[in-house]
Amino acid sequence: MYTEKVMDHFKNPRNMGEIPDADGVGTVGNPVCGDLMTIYIKVKDNRLEDIKFKTFGCGSAIATSSMITELAKGKTLEEAMKITRGDVADSLGGLPPVKMHCSNLAADALHAAIENYYKRRGEEVKK
Amino acid sequence: MSAAKRIYMDHSSGKPVDDRAVEAMLLYMQKSYGNPSSLHGMGQEARKALDEARTKIAELINAERKETIVFTSGATESNNLAIKGVAYRNKDKGTRILASRIEHMSVINPCRYLTTKGFEAVFLPVDGYGFLDLGALEEKLAENTVLVSVAYANGEIGTTQPIGEISKIVHSKKAYLHVDAAAACGQIPIDVRAEGIDLLTISSNDTYGPKGTGALYIKDGTRLEPLMHGGGQEKGLRSGTENIPAIVGFGKAAELAKKEMSTRAERLTRLRDKLIKGLLEAVPYSYLNGHPTRRLPDNVSVRYSFIEGESMLLSLEMEGVLASSGSACTAKTLEPSHVLLAIGLKHEEAHGSLMFTLGRQNTEEEVNHVIAVMPGIVKRLRAMSPLTPKKLID
């Protein structure tokens with residue numbers, strides 16, 4: 001059902017955890033739906049210096065969370081805002097169709113974290 | 001135990017066929033392949049095999065005579081035939097059908113379908129263990145009710161219903177009682193006459209027979225219409241050439257289930273209770289779904305707070321354990337199991353449910369393995385979950 005890449009990220013999630021003094025935090029999903037993701041970011045010189053995640057959810061929810069941290073780490077905020085759900089799924093070698101909508105929320109969580117960063121600084125979101 | 005060896009604990013989804021049933025079937029696939037409707041010798045051999053299998057199924061449920069058993073393609077067809085067949089045939093008598101909210105989808109969906117054909121379907125509540133609310137049954141059981149459908153035992157949470165008591169209520173309004181015994185049949189004793197059952201669904205594979213066949217017990221005098229029209233097999237209630245090899249295997253499995261029921265049930269109940277105790281004791285915020293004792297011998301349904309079922313299943317499979325879950329994420333729909341919601345669980349609790357259904361080849365060693373690996377799986381996933389309280393993470 002899942003690609004090897006998905007299972008690899010599920011078994012060995014990258015950047016799992018919290019950043020206590022995060023510059024931005026984004027949470028999407030809802031435990032009612034079975035998926036809840038929180039992304040924490042640390043920003044330095046307009047780049048994502050550090051990024052971590054915490055996720056309640058199925059295998060693909062955990063794998064996409066892990067994947068997005070790899071895709072986004074080191075990127076500028078503008079670049080990170082351009083990462084799409086499709087990019088995440090493609091990087092994992094695809095997701096089962098039923099999971100594309102319900103569990104592929106990681107890009108949204110990342111964008112929410114960046115928006116939270118701008119909001120904390122009183123700045124407009126740059127896309 | 002190495003992860004390379006698979007520990008199968010998903011018997012409610014599929015069971016192996018008993019060797020003795022396989023052996024009985026071979027003759028009718030390779031050497032005696034006649035059609036029971038044929039007059040010649042080979043046809044009559046098939047007819048005899050069909051009658052013998054029918055007798056064995058009838059004996060398993062203490063039916064009055066073998067002619068009350070109609071073979072179908074499985075439990076889904078039996079449920080459809082019982083519900084739609086009775087509804088269509090008795091429309092002059094009434095148009096209301098009652099079923100519990102925790103019925104299998106092959107009961108719920110025929111009921112829903114009938115609402116597009118001029119019938120009314122009412123789904124009855126259950127309590128936190130999954131027992132039917134008998135007060136609600138009495139209240140909704142109107143004069144125009146033709147059929148009430150309640151499973152003997154729930155396949156997901158294992159709770160067994162007081163069928164005799166339900167039957168008395170149903171018959172007080174002259175409605176028919178259909179009992180889906182797909183999960184229960186062969187595991188626990190069922191007596192259609194003593195318990196007052198009008199229609200009973202039986203599944204072959206659930207009794208360690210082959211897939212692709214099942215039966216519906218139809219009490220003498222119960223009026224129903226066929227869904228399948230053709231050559232008039234099965235007293236005209238289910239046309240189509242009988243699947244003799246599968247039916248022979250089903251008959252053999254039923255015979256063995258009757259003979260070995262008490263030893264099988266005793267052994268499984270012991271493994272079940274050991275697994276439940278071991279799982280719940282090892283991990284905080286873990287709970288049993290369903291009733292602790294009034295449940296099927298094979299069923300262990302538990303839930304863990306703060307984590308989700310599919311990720312537990314994937315982790316279990318990494319440890320060689322094959323189970324199933326009540327979470328949306330393993331199903332075709334996005335909703336968690338309707339059964340778990342109906343017993344009052346919140347969505348996130350239902351998502352965190354796991355189901356182990358034990359079978360005859362499961363051993364105590366396997367149960368011990370599951371008990372041993374589960375705490376580590378829960379701990380790892382809880383460490384990842386934003387819902388987990390800080391005090392639970394080291």
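Scroll up to find the structure.
As the structure is a prediction and not an experimental result, all values here were calculated from the model.

Rules behind the numbers
- Residues numbered from 1 in each chain as written.
- Chains lettered and ligands numbered in written order.
- Predicted model: local features only at pLDDT ≥ 70, side-chain atom pairs only at ≥ 80, totals over all residues.
- Heavy atoms only, no water.
- Helix = DSSP H or I, 4+ residues; strand = E, 2+ residues; numbered from the N terminus.
- Rg over C-alpha atoms; globule rule 2.2 N^0.38 Å.
- Buried < 20%, exposed > 50% of the residue type's maximum accessible area, 1.4 Å probe, protein only.
- Contact = heavy atoms within 4.5 Å.
- Areas by Shrake-Rupley, 256 points an atom, 1.4 Å probe, with all protein chains shown as cover.
- Lys, Arg positive; Asp, Glu negative; His and termini not counted.
- Charge placed at Lys NZ, Arg CZ, Asp CG, Glu CD.
- Pairing = 2+ DSSP bridges.
- Right-handed = clockwise from strand over helix to strand, strands pointing away.
- Phe/Tyr/Trp six-rings, centres within 6.5 Å; stacked < 30°, edge-to-face > 60°.
- Lys NZ or Arg CZ within 6 Å of the ring centre and 35° of its normal.
- Patch = residues over 30% accessible without salt bridge, like charges linked within 9 Å, V, L, I, M, F, W, Y side chains within 5 Å.
- Salt bridge = Lys/Arg side-chain N within 4 Å of Asp/Glu carboxyl O.
- Axes fitted to C-alpha atoms, helices over the stretch in contact; angles between N-to-C directions.

A.B. asks: Hey, could you run me through the overall build of chain B in this one?
C.D. replies: Helix and strand content of chain B: twelve helices and 13 strands. Against the 2.2 N^0.38 benchmark of 21 Å for 394 residues, chain B shows a C-alpha radius of gyration of 22 Å, consistent with a compact globule. In terms of its C-alpha atoms, chain B occupies a principal-axis envelope of roughly 75 × 50 × 35 Å. Taking all 394 residues of chain B together, the buried fraction comes to 58%. When contacts within chain B are restricted to residue pairs at least 6 apart in sequence, those whose partners lie at least 24 apart make up 71%. Accessible surface for chain B amounts to roughly 15,700 Å². Of this, 53% is attributable to carbon and sulfur atoms. Of the side chains in chain B, 49 bear a positive and 47 a negative charge, and the two mean positions are spaced by 1 Å.

A.B. asks: Hey, could you run me through the pairing of strand β4 (residues 120-124) of chain B in this one?
C.D. replies: Residues in a regular strand project their side chains so that they alternate between the two faces of the sheet. All names here are of chain B. In the sheet, strand β3 (residues 96-100) pairs with β4 via five bridges, with the strands oriented parallel. Looking at β4, one finds that Ala99 is bridged to Phe123. As a crossover connection, the stretch from β3 through helix α4 (residues 105-114) into β4 is right-handed.

A.B. asks: Which parts of the structure should I look at to understand the packing of aromatic side chains?
C.D. replies: In this description, a pair of aromatic rings is defined by centroid distance and the angle of the planes. All names here are of chain B. Evaluated as defined, the whole model comprises five aromatic pairs over all chains. Seen from their ring centres, Phe71 and Phe250 are 6.0 Å apart, and the 75 degrees between their planes marks the pair as edge-to-face. Residue Phe71 is located in strand β2 (residues 69-72), and its partner Phe250 is located in helix α8 (residues 244-282); the two are separated by 179 residues in the primary sequence. Each member of the pair Phe71 and Phe250 is classed as buried. Over the ring of Tyr208 we find Arg360, and its NZ or CZ is 4.9 Å from the ring centre.

A.B. asks: Would you mind going over a nonpolar patch on the surface with me for this structure?
C.D. replies: On the surface, Val22(B), Leu26(B) and Met29(B) cluster together into a nonpolar patch covering about 240 Å² of accessible area. Topologically, Leu26(B) is positioned in helix α1 (residues 19-30).

A.B. asks: Explanation requested: the sheet that holds β3(B) in the structure shown.
C.D. replies: Residues and elements named next belong to chain B. If you walk across this open sheet you meet the seven strands as β2-β8-β7-β6-β5-β3-β4, and the pairing is mixed. Either end of the sheet is taken by a strand with one partner, and the two such strands are β2 and β4. On average, each strand axis in the sheet is inclined to that of its neighbour by 20 degrees, with strand direction left out of account. Inspection of the sheet shows strand β5 (residues 145-151) paired to strand β6 (residues 176-180) by five bridges, in the parallel sense. Across the sheet, Val148 pairs through a bridge with Leu177, a residue of β6. Here helix α6 (residues 163-172) sits on the sheet and contacts β5 and β6; the angle it forms with β6, its principal contact strand, is near 150 degrees.

A.B. asks: Quick question: what am I supposed to make of the pairing of β5(B) here?
C.D. replies: All names here are of chain B. With seven of seven residues buried, β5 is to be regarded as a mostly interior element. The pairing of β3 with β5 spans four bridges and is classified as parallel. Pairing of Ile97 across the sheet is with Leu147, part of β5. Considered for its hand, the β-α-β crossover made up of β5, α6 and β6 is right-handed.

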